[in-house]
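Here is what each chain is made of, one letter per residue.
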Amino acid sequence: MKPRVFLFDLGGVVCRFHRERRLELLGAACGLPAHRVEEELYASGLIRAWDRGQGSAEDVEAEIGRRLGFAGTSEELRRIWCGAFEPDPEVLAAVDLVRAHPTALFTDNDALLRAGLPDGLPEVHARFDVLAFSSVLGATKPAEEAFAGALGMLGATAAEAFFVDDREANVRAASELGLTAVLFEGGAALRRTLEQLLAR
């Protein structure tokens, strides 16, 4: 079956994710070394909890303020949070090929990033009809619940969906559920794959 909807992973596919950039930017804003930010947010398990929906954007902001002493505005924090992501022009061009169809950004990420996306990464936000964030779905890939939630947001069945991710476990899970799933191997390869699917 020719795919009717298209789901794209964010970090590692649509954007390159630079975790160290987030740590450095946030540390600089709080007057703390990057390793302290790492300990408070990542090593503590907070990021994983936020990715699973344990906290609204406002909750995340408040916790960062409490733990790290961030005293800037919401807009400044969201800009820092989004600053870890570097859009891949080749992938954005590939997404443009399927914009006549429903598209989703299907990612394991928190409510703060979702809230900051329109202003922090406008070129990414503009290309997707649905923001299927794990923080909204209440589950992360490769859980079946995550895929079911994302497909539900698109009003599509697994057989109608194309999915690309940079993690083999996620691609394997998607394939087992019946999605047309491919492992990301660069923007040029993704473009060729989409062109072939559209030509069916």
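Predicted model, so just to flag it, every value in this text is computed and none were measured.

**Comments concerning the packing of aromatic side chains**
Phase 1 of the analysis: Applying the stated rule across the entire model yields 8 aromatic pairs.
Phase 2 of the analysis: Members of the aromatic cluster, connected to one another through ring pairs, are F6, F8, F128 and F162.
Phase 3 of the analysis: The positively charged end of R19 is found above the aromatic ring belonging to Y42, 3.9 Å away from the centroid.
Phase 4 of the analysis: The ring centre of F106 lies 5.0 Å from the NZ or CZ of K141, which sits over that ring.

**Examining the environment of T103**
Phase 1 of the analysis: Position of T103 among the secondary structure elements: in strand β4 (residues 103-107).
Phase 2 of the analysis: T103 has contacts with F6, V98, R127, F128, D129, V130 and L154, leaving out every residue within four places of it along the chain.
Phase 3 of the analysis: There is a polar contact of 3.3 Å between the side chain of T103 and the side chain of R99.

**Concerning the packing of helix α1 (residues 19-30) against helix α2 (residues 34-43)**
Phase 1 of the analysis: Between α1 and α2, whose axes approach to 8 Å, the crossing angle comes to 110°. Considering the angle they form, α1 stands roughly perpendicular to α2. Facing α1, whose interface residues are R19, R22, L23, E24, L26 and G27, α2 presents A34, V37, E38, L41 and Y42.
Phase 2 of the analysis: Of the residues in the contact of α1 with α2, the class split is 6 nonpolar, 1 polar and 4 charged.

**Some thoughts on the nonpolar core**
Phase 1 of the analysis: In terms of nonpolar packing, the biggest core is built from 46 residues, with F8, V14, L26, L41 and I64 touching the most fellow members.
Phase 2 of the analysis: Core analysis: the next-biggest nonpolar cluster, separate from the first, contains 22 residues, F106, V130, A156 and A174 among them.

**With respect to helix α11 (residues 168-177)**
Phase 1 of the analysis: Among the residues making up α11, those that are buried are N170, V171, A173 and A174. Down the axis of α11, the buried side of the element spans an arc of 165°, and every buried residue falls inside it. Those residues of α11 that are exposed and aimed more than 90 degrees away from the buried face are E168 and E176.
Phase 2 of the analysis: The elements touched by buried residues of α11 are α10 (144-154), β6 (161-165) and β7 (180-183).
Phase 3 of the analysis: A positive backbone phi angle near 105° is found at G178, which sits one or two residues after α11.

Calculation criteria
Residues numbered from 1 in each chain as written. Predicted model: local features only at pLDDT ≥ 70, side-chain atom pairs only at ≥ 80, totals over all residues. Heavy atoms only, no water. Phe/Tyr/Trp six-rings, centres within 6.5 Å; stacked < 30°, edge-to-face > 60°. Lys NZ or Arg CZ within 6 Å of the ring centre and 35° of its normal. Helix = DSSP H or I, 4+ residues; strand = E, 2+ residues; numbered from the N terminus. Contact = heavy atoms within 4.5 Å. Polar contact = N/O pair within 3.5 Å; in protein donor to acceptor, adjacent residues only side chain to side chain. Axes fitted to C-alpha atoms, helices over the stretch in contact; angles between N-to-C directions. Parallel < 35°, antiparallel > 145°, perpendicular 65-115°, else oblique. Nonpolar A, V, L, I, M, F, W, Y, C, P; charged D, E, K, R; others polar. Core = buried A, V, L, I, M, F, W, Y, C linked by side-chain atoms within 4.5 Å. Buried < 20%, exposed > 50% of the residue type's maximum accessible area, 1.4 Å probe, protein only. Arc of directions from axis to C-beta.

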